[in-house]
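Descriptive structure summary
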Amino acid sequence: MHCLLKKGEGGAQRARGACPLGEGGAQRGTCQLMCPETERLRREEQGQLSIFEIDNSSTTSGTRRYCTSASLAVKEYVRSGAGQDVPRPQDLRPPPTLKNTIQYLIRDVSSRADSPWHLVYDFVDNRIRAIRQDITYQQLAGVEILYIYALASRFYLYSCYRLSSVSMEKFDPKLNRDQLQQCLLKLVKMDAVIVPTLDLEIPLEEFESYFLLANLGSTEAVMHTLELPKETRFTDTFDTFTT
């Protein structure tokens, strides 16, 4: 599964001039951990840890109390609702932390073979949603955010294949497709604004082709593709994925 992190994409992706900061006065996250400490301690105390967050080396044998650590706990997605408090800066993760988090999810969690993969999917999907929620709260944009949406898109695409034979009770392909569509849409819209001024290592032609294939029959998707620069539409990468 770590193959979703392609060669050259594990290091810094920020290009000169990129500014992945919140806009319009949005809050700026200050949390440097994958999971804010207050949430980690609360979920540990309340026994609300995922099996992928449990630190077996620090869990006391013979007790029902499970422990985690800053290197295992990942911020949980909680649906926004009326009356909820505005997140504090210390509960929001800045772009570098969000990038490190999705790399950890793809590289370390998605490759685990000690649990059924539909359980792996449920965990990673939830934590990717939390990453996207942090992005939305902070109104983030920039190369690191493009990179996050790219990895998320690959994860949902891979899941279509990996869980294609799993029952609907364990995996809902429609919900997975919805998440894929949302990530691809965010990516191509951000692509149009950011890419012309930056030299990127992310193969954006790959994701433009995914977007077109995922929306066959959509006039909007076709028009978007026709408006792409010729150097994008006539690359070997774009041709490979669309022919």
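First things first, this report covers the structure right here in the doc.

Calculation rules
- Starting from 1, residues in each chain are numbered consecutively following that chain's sequence as written.
- Where local features are concerned, this predicted model is filtered to residues with pLDDT of at least 70; where side-chain atom pairs are given and counted, the filter is 80 or more; whole-chain, interface and lining totals use all residues.
- Processing note: side-chain calculations cover all non-hydrogen atoms of the structure and skip hydrogens and water entirely.
- In the sections that follow, a salt bridge refers to a side-chain nitrogen of Lys or Arg positioned within 4 Å of a carboxyl oxygen of Asp or Glu.
- We count a stretch as a helix when DSSP gives it H or I for four or more residues in a row; a strand needs E for two or more, and each element gets its number in order from the N terminus.
- Residue exposure (1.4 Å probe, protein chains only): buried if accessible area is under 20% of the type maximum, exposed if over 50%, otherwise partly exposed.
- Throughout, a residue-residue contact means that at least one pair of heavy atoms, one from each residue, lies within 4.5 Å.
- Here a polar contact is taken to be a pair of N or O atoms separated by no more than 3.5 Å, where protein atoms must pair a possible hydrogen donor with a possible acceptor and residues adjacent in sequence count only if both atoms sit in side chains.
- Two rings from Phe, Tyr or Trp (for Trp, the six-membered ring) form a pair when their centres are within 6.5 Å of each other. A pair whose planes differ by under 30 degrees is stacked, one over 60 is edge-to-face, and the rest are tilted.
- The axes are straight lines fitted to the C-alpha atoms, using for helices just the contacting stretch, and the angles between their N-to-C directions are given from 0 to 180°.
- Note that the term roughly parallel is reserved for angles under 35 degrees, roughly antiparallel for angles over 145, roughly perpendicular for angles of 65 to 115, and oblique for everything else.
- Only Asp, Glu, Lys and Arg are considered charged, only Ala, Val, Leu, Ile, Met, Phe, Trp, Tyr, Cys and Pro nonpolar, and every remaining residue, Gly among them, polar.

Some points on the pattern of salt bridges
Any two side chains of opposite charge can pair if their charged atoms end up close together. In this structure the tally under the stated criterion is 13 salt bridges. Here Arg40 makes a salt bridge to Glu37, at a shortest N to O gap of 4.0 Å. Placement of the pair is Arg40 and Glu37 together in helix α1 (residues 37-45), with a separation of three residues, close to one helical turn. You can call Glu37 partly exposed: its relative accessible area is 47%. A salt bridge links Asp134 to Arg93, with the shortest nitrogen-to-oxygen separation between them at 2.9 Å. With Asp134 in helix α3 (residues 117-138) and Arg93 in the loop between α1 and α2 (95-109), this residue pair connects regions lying 41 residues apart in the sequence.

Things to note about the environment of Ser153
Along the chain, Ser153 falls in helix α4 (residues 143-162). Judged by relative accessible area, which is 0%, Ser153 ranks as buried. Residues Ser153 and Leu180 lie 27 residues apart in sequence; the distance between their C-alpha atoms is 5.5 Å. Non-local contacts of Ser153, meaning those with residues more than four positions away in its chain, are made with Leu180, Cys183, Leu184, Leu187 and Phe207.

Brief notes about the side chain of Lys75
As for its position among the elements, Lys75 is in the loop between α1 and α2. A distance of 2.7 Å separates a polar atom in the side chain of Lys75 from a polar atom in the side chain of Asp134. When residues no more than four places from it in sequence are discounted, the contact partners of Lys75 are Met34, Cys35, Pro36, Glu39, Asp91, Leu92, Arg93, Arg127, Ala130 and Asp134.

Observations concerning the packing of aromatic side chains
Given two aromatic rings, one states the distance between the centres and the angle between the planes to describe the pair. Under the definition given, this model contains eight aromatic pairs. Grouped by ring-pair contacts, the aromatic residues Trp117, Tyr121, Phe155, Tyr156, Tyr158, Tyr161 and Phe171 constitute a single cluster.

Regarding the environment of His118
Among the secondary structure elements, His118 is positioned in helix α3. What makes His118 buried here is its relative accessible area of 15%. Between the C-alpha atom of His118 and that of Phe171, which follows or precedes it by 53 residues, the distance is 6.6 Å. With residues up to four places along the chain from it excluded, the contact list for His118 reads Leu163 and Lys170.

Focus on the environment of Ile128
Looking at the element boundaries, Ile128 is found in helix α3. Here Ile128 falls in the buried class, since its relative accessible area comes to 1%. Along the primary structure Ile128 and Ala152 are separated by 24 residues, whereas in three dimensions their C-alpha atoms are 7.0 Å apart. Those residues within four positions of Ile128 in sequence are excluded, and the remaining contacts are Ile102, Leu105, Ala152, Phe155 and Tyr156.

Some remarks on the packing of α2 against α3
At a minimum axis distance of 10 Å, the contact between α2 and α3 shows a crossing angle of 170°. When the axes of α2 and α3 are compared, the pair comes out roughly antiparallel. Here Leu98, Thr101, Ile102, Leu105 and Val109 of α2 lie close against α3, whose contacting residues are Val120, Phe123, Val124, Arg127, Ile128, Ile131, Asp134 and Ile135. Among the residues forming the contact of α2 with α3, the class breakdown is 10 nonpolar, one polar and two charged.

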